[in-house]
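Architecture and fold: a report
Chain by chain, the residues run as shown.
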Amino acid sequence: MSDHYYSEKPNVESDERDWTFSLRGNTFRFYSDRGVFSKKEVDFGSGLLVESFVFPSIEGNILDVGCGYGPIGLTLAKVDHSRQMHMVDVNERALLLAGRNAERNSISNITIYKSDCLESVTKTDFSAIVTNPPIRAGKKVVHAIFEQSFHHLKKDGELWVVIQKKQGAPSAIEKLQSLFQEVEVVVKKKGYYIIRSKKIDPTCLL
């Protein structure tokens, strides 16, 4: 079977590297490696999601699904120390890197654990969920993340997704509209869409 960044245990030989990158006004030093998504730099989509994200007005923790080595979750955790950031991935190498990157950048308001999509996530009251979904894993996996995210958000919670138009943004929007009461594209840049979906309190619609 081919080895992918969404593999549980990447078999590709390790070739660890580290580099600096600026996000949301902070300079981070990241470890990355082969067998992990975007190992040489913070990919454009993740960077755009981080820079576009608006923290929700409601209180509550945030979940980063498919966190990789941690650029999205760690950046948001550093920006808002009042929230606990949960970071999950199925890739065990990525999770180890995310933990080391949290320590390296002195970020402590994080909880990192293994989960295939959101299957191991027990909390259902997140104020926001962010994801740069594993497109290469297929539409079924990506849409499963959307479906599971809806059930793990509190009322008025938000799901933020980055996805390229050519990799399925239109169908992603259609799927999100079937789940969430409010869906909007907040940013379009270089073929990437940042999509915000809100789980509206049903009593507000009466």
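A brief report on the enclosed structure follows. None of these values were measured; they are calculated from a predicted model.

Cut-off values and rules
- Residues numbered from 1 in each chain as written.
- Predicted model: local features only at pLDDT ≥ 70, side-chain atom pairs only at ≥ 80, totals over all residues.
- Heavy atoms only, no water.
- Core = buried A, V, L, I, M, F, W, Y, C linked by side-chain atoms within 4.5 Å.
- Buried < 20%, exposed > 50% of the residue type's maximum accessible area, 1.4 Å probe, protein only.
- Helix = DSSP H or I, 4+ residues; strand = E, 2+ residues; numbered from the N terminus.
- Contact = heavy atoms within 4.5 Å.
- Phe/Tyr/Trp six-rings, centres within 6.5 Å; stacked < 30°, edge-to-face > 60°.
- Lys NZ or Arg CZ within 6 Å of the ring centre and 35° of its normal.
- Pairing = 2+ DSSP bridges.
- Right-handed = clockwise from strand over helix to strand, strands pointing away.
- Axes fitted to C-alpha atoms, helices over the stretch in contact; angles between N-to-C directions.
- Parallel < 35°, antiparallel > 145°, perpendicular 65-115°, else oblique.
- Left-handed = near helix turned anticlockwise from the far one by under 90°.
- Nonpolar A, V, L, I, M, F, W, Y, C, P; charged D, E, K, R; others polar.
- Expected span 1.5 Å × (residues − 1).
- Polar contact = N/O pair within 3.5 Å; in protein donor to acceptor, adjacent residues only side chain to side chain.
- Salt bridge = Lys/Arg side-chain N within 4 Å of Asp/Glu carboxyl O.

Okay, the nonpolar core next. In terms of nonpolar packing, the biggest core is built from 32 residues, with Phe-30 and Ile-110 touching the most fellow members. Looking at this core element by element, the count peaks at five residues for helix H3 (residues 92-104). Not counting the four nearest positions on each side in its chain, Phe-30 is found in contact with Arg-17, Asp-18, Trp-19, Phe-21, Leu-23, Val-42, Tyr-69, Pro-71, Leu-74, Asn-101 and Arg-104. Listed in part, the 24 residues of the second largest apolar core include Phe-126, Ile-129, Ile-145 and Phe-150.

Now for the packing of aromatic side chains. Tallied over the entire structure, the rule returns nine aromatic pairs. Their ring planes at 10° and their centres at 5.6 Å tell us that Phe-28 and Phe-30 sit as a pair that is stacked. Take Phe-28: its relative accessible area is 1%, and that puts it in the buried class. Owing to a relative accessible area of 0%, Phe-30 belongs among the buried residues under this scheme. Taken together, Trp-19, Phe-21, Phe-28, Phe-30 and Tyr-69 form an aromatic cluster joined through their ring pairs. Between the NZ or CZ atom of Lys-199 and the centre of the ring of Phe-150, over which it lies, the distance is 4.5 Å.

Negative phi is the rule for most residues except glycine; trans is the rule for most peptide bonds. The backbone of Arg-24 shows a phi angle near 50°, a positive value even though the residue is not glycine. Counting through the fold element by element, Arg-24 comes out in the loop between strand S1 (17-23) and strand S2 (26-32).

As judged from the five bridges shared by strand S4 (residues 85-89) and strand S5 (residues 110-114), these two strands associate in the parallel manner. Of the residues in S5, the one forming a bridge with Asp-89 is Lys-114. This β-α-β element, S4 to H3 to S5, shows right-handed connectivity.

The packing of two helices is summarised by the inter-axis angle and the distance between the axes. Contact geometry of helix H1 (residues 44-52) with helix H2 (residues 71-79) gives a least axis separation of 10 Å together with a crossing angle of 20°. When the interaxial angle is binned, H1 and H2 end up roughly parallel. In this structure, the crossing between H1 and H2 has a hand that is right-handed. Between H1, through Ser-46, Leu-49 and Val-50, and H2, the contact on the second element is made entirely by Pro-71, Ile-72, Thr-75 and Leu-76. When the residues that make up the contact of H1 with H2 are grouped by side-chain class, the tally is five nonpolar, two polar and no charged.

With that settled, consider H3. For an α-helix, the turn length of 3.6 residues means that residues three or four places apart are oriented alike. For H3, built from 13 residues, the straight-helix expectation of 18 Å at 1.5 Å per residue is met to within 8% by its first-to-last C-alpha distance of 18 Å. Considering only its buried residues, H3 is in contact with S2, H2, S4 and S5. Its side-chain oxygen placed 3.0 Å from the backbone nitrogen of Arg-93, Asn-91 serves as the N-cap of H3.

Considering all chains together, one arrives at 10 salt bridges under this definition. Of the charged contacts in the structure, one is a salt bridge between Lys-175 and Glu-147, with a shortest N-O distance of 2.6 Å. Of this pair, Lys-175 sits in helix H5 (residues 169-179) while Glu-147 sits in helix H4 (residues 139-152), and the two are 28 residues apart along the sequence. Exposure remark for Glu-147: the relative accessible area of 32% places this residue in the partly exposed category. Arg-196 is the partner of Glu-158 in a salt bridge, and the nearest nitrogen-oxygen pair spans 3.0 Å. Taken together, the residues Glu-158 in strand S7 (residues 153-164) and Arg-196 in strand S9 (residues 192-198) connect sequence positions 38 residues apart.

So, about the sheet that holds S9. On the basis of which strands lie adjacent, the open sheet formed by seven strands has the order S5-S4-S3-S6-S7-S9-S8 and mixed pairing. At either end of the open sheet lies a strand with only one pairing partner, and these are S5 and strand S8 (182-189). Adjacent strand axes in the sheet meet at a mean angle of 15°, parallel and antiparallel pairs treated alike. Direction of pairing for strand S3 (residues 62-65) relative to strand S6 (residues 126-131): parallel, over a ladder of four bridges. Paired with Asp-64 across the two strands is Val-130, which belongs to S6. Where H1 meets the sheet, its contacts fall on S6, S7, S8 and S9, and the angle it forms with S9 comes to roughly 45°. Where H5 meets the sheet, it contacts S7, S8 and S9, and its direction lies at approximately 0° from that of S9.

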